[in-house]
Amino acid sequence: MEKNQINLSEDRLGPHGDEFYQELLDAHEGLSLEQSVRLNARLILLLANQVGDISVLRAALATARRTAT
Amino acid sequence: MARYAYEPFPYEMPPELRGGAMGDAPVAIIGAGPIGLSLAIDLALQGVKSIVLDDNDVVSIGSRAICWAKRTLEIFDRLGVGERMLEKGVTWKVGRLFHGDREVYSFDLLPENGHKYPAFINLQQYYVEQYLAERCRDFPDLIELRFKNEVFGHRDYGDRVVVRVSTSDGPYELQCRYLVACDGSRSPTRQRMGLTFEGHSFEEQFLIADIEMDESPFGSDAAERWFWFEPPFHDGQSSLLHKQPDNIYRIDLQLGPDADVERELSNETVVPRLKRILGDKQFTVDWLSIYKFTCARLERFVHGRVIFCGDSAHVVSPFGARGGNGGIHDVDNLGWKLAAVVKGTADEALLASYDRERGYGSDENILHSSRATSFMTPKSDLERLFRDEVLGLATDHSFARRLINSGRLSVPCSLEASDLQTPSEFALVRPGMPVVDAPLETKNGPRWLVELIGNDFVAVSFGNGDDPELRGVPHIRVHPKGSRLDHTGFVDVTGMALERYGEGLTYLFRPDAHVAAAFRHPGSKAILKARQRAVGQKTLQAAV
Ligand SMILES: Cc1cc2nc3c(=O)[nH]c(=O)nc-3n(C[C@H](O)[C@H](O)[C@H](O)COP(=O)(O)OP(=O)(O)OC[C@H]3O[C@@H](n4cnc5c(N)ncnc54)[C@H](O)[C@@H]3O)c2cc1C
């Protein structure tokens, strides 16, 4: 399925990139590391459900994992 | 209510030891558990004789398998014990899931209408084995049950197997063409053959208890299933409370990897623990046991003339109730194939398809059971944290409820990928899927579709049309709603059958009630060809 290759690097936030980044930090404001990890977990679950497409999720997991260690 | 009364099966001195000739049966079965007994019945329905050897003489000690799923009940229906199980069993509908003392959500199974059997029932394994053993007695010429007969050796000569058996009257030998090992998760046959049983063991220990009490712990007569993550009454990770017949309740408590078995099984520990769940209500403990669970399988289920079936071939953790159910699906798959090979109507190669099809089913069961066990036994702080957040989101977000995994209950696997099936893209019930039930009407009253299918190949046409002329394959037509009933016809009174299968389509079912092929224009040549393929023969033989 060459033509359906998943492109994770393409920008999809457009002009909202800076907004999102700031709001992500704001959401973590004042939380302990554990509270932040929990917030991230919820966020991942919510976003994963929105993405819905298992192949996109797999590609994202693989990309994120590649730089983990 | 009386507890289950164990009635030992009588031991009789085997004919070999009374001076008779060496026993000789087409099939010998080791183990009279649910799987061995079911296989003996399935073979008898095909007219094939078997001798069943069991080292014990009572049915299952303790309830063990309690959850029997719809497809399994349909197989039991074909074997002749389904209705009895349904009548005795508890049909539960409502499940509640708790995190601590908070109810996360409840679900109502609301089964689809128009099926003879519900999604599942709860019935203790000892009843199932009793019903099966009694059913075996209906075939006195075809099933010989030998209790207190322990198999301690066997030798495969390539065309037959000699089995060595020990009894209180001494050892003896008997001979069979095929030996089926239904000797459970610790299978002595498997060990004797030195076969590796590979998989994954979980460190967690679980306390399983059967509690007898008159007053329902649910606070009402409703038969429910309650599952807790991090229960308030117990410092382990999870608990399960389930109703069985005779006012018996199953309690599973996750104890953690380091629990001290002897201490946990002592009255001083168990009774206060149970009181924290059950409150001050009167109860008695019927059975207690501590388990660790493993998911593992043999790489191959067929080794020459020795075949593995049930727990001897594969084991799973019990979350999802796939052990006993999966074993019955093995029997369903193996019975007609082994019978056909023994009777010479199919090539021995057909047995390899049992290995492929049930190997696939067993992988699916292991996958689901392992995932459930992982969800219930987080291995790290992070796994646990993710699980907590799933449970937290689940109250308000339905998608998260579907991520909660306290066991994915047994569903039949599709054998679509198996080469016995003839692909038919347009079929509503795809080749490889088991029969989908529907209510029918006949001149003599109502019948269920599942009752008409099985034990032999059968072609079923849905809707009006000309009957194909078939030699050697029985044919049934299901007429549309409103048709006049003649003496042999079946009418789709509710319209469900045609809706589920598609008007104008004809399906060929295997003896295990799985769809082998579907046809838009059923010609006798195409149907016979699909049937040949389904018994492992690629080319159509001239005379059938
Ligand atoms: C706590 C618990 C809960 C479970 N819950 C469920 C559930 O809800 N649903 C479900 O589907 N499954 C469940 N299971 C799994 C289920 O109990 C097993 O999958 C099932 O018993 C397998 O049946 P079997 O006939 O293959 O083996 P077994 O029931 O173990 O029978 C094997 C038989 O072989 C005999 N035998 C062994 N060695 C010899 C020998 N050398 N000679 C002669 N005879 C021999 C034994 O005496 C025994 O009778 C549960 C299991 C446990 C432990």
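Structural data are supplied above this passage.
Residues numbered from 1 in each chain as written. Chains lettered and ligands numbered in written order. Predicted model: local features only at pLDDT ≥ 70, side-chain atom pairs only at ≥ 80, totals over all residues. Heavy atoms only, no water.

Colleague: I would appreciate a short explanation of the overall build of chain A in the present structure.
Modeller: Across its full length, chain A carries three helices and zero strands. Each helix and strand of chain A, placed in order from N terminus to C terminus, yields the pattern α-α-α. Out of the 69 residues in chain A, the part that is buried amounts to 9%. A total of about 6000 Å² of accessible surface is found on chain A, and carbon and sulfur atoms cover 56% of it. Between the mean site of the 7 positive side-chain charges and the mean site of the 10 negative ones, chain A shows a separation of 14 Å. (Helix = DSSP H or I, 4+ residues; strand = E, 2+ residues; numbered from the N terminus. Buried < 20%, exposed > 50% of the residue type's maximum accessible area, 1.4 Å probe, protein only. Areas by Shrake-Rupley, 256 points an atom, 1.4 Å probe, with all protein chains shown as cover. Lys, Arg positive; Asp, Glu negative; His and termini not counted. Charge placed at Lys NZ, Arg CZ, Asp CG, Glu CD.)

Colleague: Just to check I follow, could you spell out the overall build of chain B for this structure?
Modeller: Summing up its helical and strand segments, chain B has 14 helices and 26 strands in all. When each of the 544 residues of chain B is scored for burial, the buried share is 58%. Considering only residue pairs separated by 6 or more positions, chain B has 70% of its internal contacts joining residues 24 or more positions apart. Carbon and sulfur atoms form 48% of the exposed surface of chain B, whose accessible area is close to 22900 Å². Within chain B, the 77 negative side-chain charges are centred at a point lying 4 Å from the centre of the 63 positive side-chain charges. (Contact = heavy atoms within 4.5 Å.)

Colleague: How should I be thinking about the site of the ligand in this particular structure?
Modeller: Residue and element names in this part refer to chain B. Lining the immediate surroundings of the ligand are 29 residues, of which Asp-54, Asp-55, Gln-125, Asp-311 and Asn-325 lie closest. The separation between an oxygen atom of the ligand and a polar side-chain atom of Asp-311 is 2.8 Å. Here an oxygen atom of the ligand sits 3.3 Å away from a polar atom, N or O, in the main chain of Ala-321. Here the ligand has 1000 Å² of accessible area as a free molecule, and 89% of this is covered by the chains. Contributions of two or more residues to the shell around the ligand are made by helix H1 (34-45), strand E9 (150-156) and helix H8 (323-343). Element by element, the count of residues in the shell around the ligand is highest for H8, at three residues. (Near = heavy atom within 4 Å. Polar contact = N/O pair within 3.5 Å; in protein donor to acceptor, adjacent residues only side chain to side chain.)

Colleague: Could you clarify how one ought to interpret the state of the cysteines in this entry?
Modeller: What we call a disulfide is simply a covalent bond connecting the sulfur atoms of a pair of cysteines. Residue and element names in this part refer to chain B. Applying the stated criterion to the full structure yields zero disulfides over all chains. Note on Cys-136: no disulfide assigned, nearest cysteine sulfur contributed by Cys-182 at a separation of 12 Å. Judged by its relative accessible area of 2%, Cys-136 falls in the buried class. Counting only cysteine sulfurs, Cys-309 is the nearest neighbor of Cys-413, a cysteine outside any disulfide, at a range of 14 Å. (Disulfide = S-S within 2.5 Å.)

Colleague: Sorry, what's going on with the side chain of Gln-175 of chain B here?
Modeller: All names here are of chain B. Along the chain, Gln-175 turns up in strand E11 (residues 170-181). Judged by relative accessible area, Gln-175 falls into the buried class, the value being 17%. One polar contact links Gln-175 to Arg-160, side chain to side chain, over a distance of 3.3 Å. Ignoring anything within four residues of it in the chain, the contact list for Gln-175 reads Met-22, Gly-23, Asp-24, Ala-25, Arg-160, Val-161 and Val-162.

Colleague: Help me understand empty space enclosed by the protein in this model?
Modeller: If a probe the size of a water molecule is rolled over the atoms, the empty space left behind becomes visible. Residue and element names in this part refer to chain B. Here the structure, examined in full by the defined rule, presents five cavities of 30 Å³ or more. Counted as a void, the largest cavity has a volume near 90 Å³. Arg-71, Ile-75, His-329, Asp-332, Asn-333, Arg-358, Pro-412, Cys-413, Leu-415, Pro-434, Asp-512 and His-514 are the residues that line the largest cavity. The set of elements that each furnish at least two residues to the lining of the largest cavity consists of helix H2 (70-79) and H8. With three residues, the top contributor of residues to the lining of the largest cavity is H8. Partitioned by chemical class, the residues of the lining of the largest cavity number five nonpolar, three polar and four charged. (1 Å grid on protein atoms, 1.4 Å probe; cavity = no way out; pocket = protein on both sides within 12 Å on 5 of 7 lines; lining within 4 Å. Points joined across faces, edges and corners; volume = space filled by probe spheres on them. Nonpolar A, V, L, I, M, F, W, Y, C, P; charged D, E, K, R; others polar.)

Colleague: Explanation requested: the interface of chain A and chain B in the structure shown.
Modeller: Interfaces are often described in size by the accessible area the parts lose on coming together. Contacts between the two partners involve eight residues from chain A, matched on the other side by ten residues from chain B. For the pair chain A and chain B, the summed buried surface comes to about 900 Å²; carbon and sulfur atoms form 78% of the total. Broken down residue by residue, the surface that chain A buries against chain B is led by Arg-38, Leu-45 and Leu-46 of chain A, which jointly contribute 54%. At the junction of chain A and chain B, the tally comes to three salt bridges. With a shortest N-O distance of 2.8 Å, Glu-389 of chain B and Arg-38 of chain A are connected by a salt bridge. Summed over the shared surface of chain A and chain B, the number is two residue pairs in polar contact (both at pLDDT 80 or more). Grouping the amino acids of the side of chain A that touches chain B by side-chain chemistry returns five nonpolar, one polar and two charged. (Buried area = accessible area lost by both parts, 1.4 Å probe. Salt bridge = Lys/Arg side-chain N within 4 Å of Asp/Glu carboxyl O.)

Colleague: Could you clarify how one ought to interpret a nonpolar patch on the surface in this entry?
Modeller: Residues and elements named next belong to chain A. On the surface, Leu-13, Phe-20, Tyr-21 and Leu-25 cluster together to form a nonpolar patch covering roughly 410 Å² of accessible area. As for its position among the elements, Leu-13 is in the segment before helix H1 (17-28). You can call Leu-13 partly exposed: its relative accessible area is 44%. (Patch = residues over 30% accessible without salt bridge, like charges linked within 9 Å, V, L, I, M, F, W, Y side chains within 5 Å.)

Colleague: Looking at this structure, I do not really get the sheet that holds strand E4 (residues 90-91) of chain B. What am I missing?
Modeller: Through backbone hydrogen bonds, the strands of a sheet pair up, either in parallel or in antiparallel fashion. Residues and elements named next belong to chain B. Pairing in this open sheet of three strands is antiparallel, and the strands run E3-E7-E4 from one edge to the other. Strands at the two margins of the open sheet, each flanked by one partner only, are strand E3 (67-69) and E4. Bridge count between E4 and strand E7 (residues 120-122): two bridges; the pairing is antiparallel. Residue pairing in the sheet places Val-90 in a bridge with Asn-122 of E7. Across the sheet, H2 touches E3 and E7, and the angle it forms with E3 is around 80°. (Pairing = 2+ DSSP bridges. Axes fitted to C-alpha atoms, helices over the stretch in contact; angles between N-to-C directions.)

Colleague: I would appreciate a short explanation of the pairing of strand E1 (residues 23-30) of chain B in the present structure.
Modeller: Successive side chains on a regular strand alternate, one facing one side of the sheet and the next facing the other. Residues and elements named next belong to chain B. Among the eight residues in E1, six count as buried, and that is most of the element. Here E1 pairs with E11 via seven bridges, running parallel. In the sheet register, Ile-29 faces E11, and the bridge partner there is Val-180. With H1 bridging E1 and the parallel strand E2 (residues 50-53), this β-α-β connection has right-handed handedness. (Right-handed = clockwise from strand over helix to strand, strands pointing away.)

Colleague: What is the right way to look at the packing of H2 of chain B against H8 of chain B in this model?
Modeller: Residues and elements named next belong to chain B. It is at 9 Å that the axes of H2 and H8 come closest, and there the two elements cross at 45°. It follows that H2 is oblique to H8 by the angle criterion. Once H2 is placed against H8, the crossing between them reads as left-handed. Residues Arg-71, Thr-72, Ile-75, Phe-76 and Arg-78 of H2 form the contact with H8, whose own contacting residues are Asn-325, Ile-328, His-329 and Asp-332. (Parallel < 35°, antiparallel > 145°, perpendicular 65-115°, else oblique. Left-handed = near helix turned anticlockwise from the far one by under 90°.)

Colleague: Sorry if this is basic, but what is going on with unusual backbone geometry here?
Modeller: Apart from glycine, the bulk of residues carry a negative phi angle, and the bulk of peptide bonds sit in the trans form. Residue and element names in this part refer to chain B. Residue Glu-230 is not a glycine yet carries a positive backbone phi of 45°. As for its position among the elements, Glu-230 is in the loop between strand E13 (224-229) and strand E14 (238-244). Backbone geometry at Asn-455 places phi at a positive 75°, although glycine is not the residue there. Within the element layout of this structure, Asn-455 appears in the loop between helix H12 (449-452) and strand E22 (458-462). Using a relative accessible area of 26% as the deciding quantity, one classes Asn-455 as partly exposed.

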